[in-house]
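Coordinate inspection notes
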Amino acid sequence: MIHLIFSSNNRLGERLGYGDIKIGLPTELATETSYIQFYIETILAFQSRYAEAGKKLPLCIMTSGDTNEKTVSLLKNNNNFGMDEDQITIVQQGKGVPALCDNDAHIALDPDDPYDIQMKPHGHGDIHALLHSHGVAKSWLGQGMKWCVFFQDTNGLAFHTLALSLGVSSKLGLIMNSITCPRKAKQAIGAVTKLTKGDQERTINVEYNQLDPLLRATGHEDGDVNDATGFSPYPGNINQLLFGLESYVQILERTKGMMPEFVNPKYKDADKTIFKKPTRLECMMQDFPTVLDGDETKKVGFTSLASELCFSPVKNATADGVALQAKGTQPGVAASGEADQSNAVCEILRSIGCNVEKGGKVKFAGIEILSGPDCILKPSFAACAVEFKKKFPNPSAVKISGRSSLVVSGDGLVIESLNLDGALVVECEEGATGVIRDLSVTNKGWVKVADEESKDEVIRMRGYHMNKLETEKIVFKQDGSIEGNYTMAGGDLSKPAFEEESEGNTQWTVATFRSQHLKKNQREIPFVVAGVLLCRCM
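Everything numeric in this text was worked out from a predicted model, so none of it was measured.

1. Here we look at the overall build of the chain
The helix and strand tally for the chain stands at 12 helices and 34 strands. For the chain, with 538 residues in total, the buried portion stands at 52%. Contacts in the chain between residues at least 24 apart in sequence constitute 70% of all its contacts with a sequence separation of at least 6. Accessible surface, the chain as shown: approximately 23,600 Å² in total, 49% of it carbon and sulfur.

2. Here's the deal with the sheet that holds strand E30 (residues 482-483)
Either a parallel or an antiparallel arrangement is found when strands of a sheet pair, and the pairing is made through backbone hydrogen bonds. Within the open sheet, the five strands sit side by side as E19-E21-E24-E29-E30. Their pairing is mixed. Two strands close off the open sheet at either side, each with one partner strand: strand E19 (374-377) and E30. Pairing of strand E24 (residues 423-428) with strand E29 (residues 472-476), which is carried by five bridges, proceeds in the parallel orientation. Directly across from glutamate 427, in E29, lies its bridge partner valine 475.

3. A look at the environment of aspartate 320
As for its placement among the helices and strands, aspartate 320 is situated in helix H9 (residues 318-326). In the structure, aspartate 320 is positioned 13 residues away from valine 333 in sequence and 8.6 Å away in space, judged by C-alpha atoms.

4. Topic: the pattern of salt bridges
Under the definition given, this model contains 25 salt bridges. For glutamate 282, the salt bridge goes to arginine 280, with nearest N and O atoms at 3.2 Å. Accessibility expressed as a relative area gives 16% for arginine 280, which makes it buried. Here the salt bridges do not stand alone but share partners, grouping Arg49, Glu387, Lys391 and Asp411 into one network.

5. Quick word on unusual backbone geometry
Cis peptide bonds are those with omega within 30 degrees of zero, and the linkage from glycine 372 to proline 373 qualifies with -5 degrees. Backbone geometry at asparagine 79 places phi at a positive 50 degrees, although glycine is not the residue there. Mapped onto the elements, asparagine 79 comes out in the loop between helix H2 (68-77) and strand E3 (88-92). A residue is classified by how much of its surface remains accessible, and asparagine 79, at 63% relative accessible area, is exposed.

6. Details of the state of the cysteines
Here the structure, examined in full by the defined rule, presents zero disulfides. Just so you know, cysteine 181 is unpaired, no disulfide at all, and the nearest cysteine sulfur is the one on cysteine 310, 5.1 Å from it. Judged by relative accessible area, cysteine 181 falls into the buried class, the value being 3%.

7. Examining the nonpolar core
Generally speaking, nonpolar side chains in soluble globular proteins are found buried as a group. Grouped together as the largest cluster of nonpolar side chains are 49 residues, with contacts concentrated most on Ile36 and Leu59. Counting residues per element, this core draws most heavily on helix H1 (residues 35-50), which supplies eight residues. Ile348, Phe392, Leu424 and Ala432 belong to the second largest nonpolar core, which has 35 residues in total.

8. Quick notes on the pairing of strand E6 (residues 113-117)
Each regular strand displays side chains that alternate between the two surfaces of the sheet. Summarising the sheet, strand E5 (residues 109-110) and E6 pair through two bridges and their orientation is antiparallel. Residue aspartate 110 lies in a different strand from E6, and its bridge partner there is aspartate 113. Hairpin connection, E5 to E6: the antiparallel pair is bridged by two residues.

9. Quick word on the environment of methionine 83
As for its position among the elements, methionine 83 is in the loop between H2 and E3. Looking at methionine 83, the relative accessible area reads 3%, which means it is buried. Taking the C-alpha atoms as reference, methionine 83 lies 9.0 Å from isoleucine 43; in sequence the two are 40 residues apart. Those residues in contact with methionine 83 that lie beyond four places of it in its chain are Ile40, Ile43, Leu44, Leu57, Leu59 and Ile88.

10. Quick notes on the side chain of lysine 448
Position of lysine 448 among the secondary structure elements: in strand E27 (residues 446-450). A polar contact is formed between the side chain of lysine 448 and the backbone oxygen of serine 371, at a distance of 3.1 Å. Side chain to side chain, lysine 448 and aspartate 374 meet in a polar contact 2.9 Å long. Those residues in contact with lysine 448, other than ones at most four positions away along the chain, are Phe364, Ser371, Asp374, Tyr464, His465 and Met466.

11. With respect to the confidence of the model for the chain
Summarising the model, the chain shows a mean pLDDT of 88, and 88% of its residues fall at 70 or more. Here residues 499-527 scores under 50 on pLDDT; set against residues more than four positions off or in separate chains, the count is 75 contacts.

12. Section: the packing of helix H3 (residues 126-133) against helix H7 (residues 245-255)
Between H3 and H7, whose axes approach to 10 Å, the crossing angle comes to 90 degrees. Taken together, the axes of H3 and H7 are roughly perpendicular relative to one another. Judged by residue contacts, His128, Leu131 and His132 of H3 engage Tyr248, Leu252 and Glu253 from H7. Among the residues making up the contact of H3 with H7, the classes are represented as three nonpolar, two polar and one charged.

13. Here's the deal with the side chain of serine 405
Residue position: serine 405 is located in strand E21 (residues 405-409). Every residue in contact with serine 405, bar those within four places of it in the chain, is listed here: Asp374, Leu420, Gly422, Ala423, Leu424 and Trp446.

14. Section: the packing of aromatic side chains
All chains considered together, the criterion is met by 16 aromatic pairs. Between phenylalanine 243 and tyrosine 248 the ring centres are 4.7 Å apart and the planes differ by 40 degrees, which places this aromatic pair in the tilted class. Grouping residues by exposure puts phenylalanine 243 and tyrosine 248 together as buried. Ring centres of tyrosine 248 and phenylalanine 288 lie 5.3 Å apart, and the angle between their planes is 40 degrees; on these two criteria the pair is classed as tilted. Separated by 40 residues along the polypeptide, tyrosine 248 in helix H7 and phenylalanine 288 in the loop between strand E14 (281-282) and strand E15 (300-305) bring together distant segments of the chain. Taking relative accessible area as the criterion, phenylalanine 288 reaches 0% and is therefore assigned buried.

15. What about the environment of aspartate 295?
Topologically, aspartate 295 is positioned in the loop between E14 and E15. Sequence-wise, aspartate 295 and glutamine 200 are 95 residues apart; in three dimensions their C-alpha atoms are separated by 9.9 Å.

16. Re a nonpolar patch on the surface
A grouping of Ile107, Leu109 and Ile117 is seen on the molecular surface, where their side chains present a nonpolar patch of about 250 Å² in accessible area. Along the chain, isoleucine 107 falls in the loop between strand E4 (97-98) and E5. Using a relative accessible area of 44% as the deciding quantity, one classes isoleucine 107 as partly exposed.

Cut-off values and rules
Residues numbered from 1 in each chain as written. Predicted model: local features only at pLDDT ≥ 70, side-chain atom pairs only at ≥ 80, totals over all residues. Heavy atoms only, no water. Helix = DSSP H or I, 4+ residues; strand = E, 2+ residues; numbered from the N terminus. Buried < 20%, exposed > 50% of the residue type's maximum accessible area, 1.4 Å probe, protein only. Contact = heavy atoms within 4.5 Å. Areas by Shrake-Rupley, 256 points an atom, 1.4 Å probe, with all protein chains shown as cover. Pairing = 2+ DSSP bridges. Salt bridge = Lys/Arg side-chain N within 4 Å of Asp/Glu carboxyl O. Disulfide = S-S within 2.5 Å. Core = buried A, V, L, I, M, F, W, Y, C linked by side-chain atoms within 4.5 Å. Polar contact = N/O pair within 3.5 Å; in protein donor to acceptor, adjacent residues only side chain to side chain. pLDDT = per-residue confidence, 0-100. Axes fitted to C-alpha atoms, helices over the stretch in contact; angles between N-to-C directions. Parallel < 35°, antiparallel > 145°, perpendicular 65-115°, else oblique. Nonpolar A, V, L, I, M, F, W, Y, C, P; charged D, E, K, R; others polar. Phe/Tyr/Trp six-rings, centres within 6.5 Å; stacked < 30°, edge-to-face > 60°. Patch = residues over 30% accessible without salt bridge, like charges linked within 9 Å, V, L, I, M, F, W, Y side chains within 5 Å.

Now the structure itself:
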């Protein structure tokens, strides 16, 4: 049984060179599934498999004035991607706050209108106040929801961590559980720390630009440095948060959801007297522990996993991503987000014993990624890592070459044995069942082709398009028939294909994670969770 609420943030994609809202971006080119479609399909998969009969898992999307109308239209034009109307709540941030142009906090005027004030977004910390003022969180609690998940708009790996973090929160009775990943010292990502003042302690995020000076000022002469693991002792906050809903609502009632504000100007000069551009007062949703009292502060924790499994945001322009990758940092661009999403699936498949080769390294628009394989397991087939073993019951009999593309969907589908060297699409209609057994497929497959000057901004931001040369498609129909060149007895559907350099079959141990308190024993957790998607303008 699952009781979850999902909440997310939606922004404009201007930093990416994309003129529309980011949740409308395709997560990958194999199926062109948008982020919002992928998130909704995942929520509905959790709902169908783990929720009580008749229980719907709600989704709240936070928008801004720039993204609200586009978000409503995207959902309406696609029939909410299969989600019922009453499951979705949209809360909109206000116009923003006045921008400040200097250290004396003089208010900046609009550069296009000297009689108007320049406004800037107040930050994603507004989500707490909006959930309170609109009565959303309280309504969810009244519906019997127990957990609330906050996630960002373009992280295709977000839900790999959900079952694990839910287990941690339930076992430890956490009010707030931050999903984190190992971070390099001084890496530009907030760090989860334990701050102590007298007999008070708080587990809380500290922004990366404040962490090193804070450590030096409190007796750590070297500041933020890597330890023997090669990483900083302070894991990176990825702004994916899990709240126990009952406590969360009680705290919202007391605080009205107001988060502490701060200002973070960027300066032109070494003396820090001249701003590069006007700044703002802002607030962050991860600062929630600052409003906790007494024993509440003891119920804040974190769950840390390898970033390859939980964090690959798409937020940067390609040129910025090239510079970041050259420094050894995740580039955070569309090409890396797509590659990492497939690679996470491949790593999980390897961890259960499937033979999944790695493709060679390639560069598009200056961004280096693995050429393949592209493995797209739709949420209707497997919504989280724990389901992979059920879907691949004989993993040693599954082999996927480094140049292959595999797309599978449908709850009733099981893959027992497969040898794939090319492109294969397998669909299992709702209510149907199907087994892939002793199937061998070889064809020309799908190839990424460099395309940096495309008029299509989705293609241009990646630096390539997908050329689908040859595809084998199998559909298991609800009436029991099978569409495509396949029978349950299996078969060899091989055709001549070209070869691509591969780095070989790499076995990788998944779930390389750290948690403050998690132990190996697991048990079923009631899944009553709601979600919040944060959709702001940047």
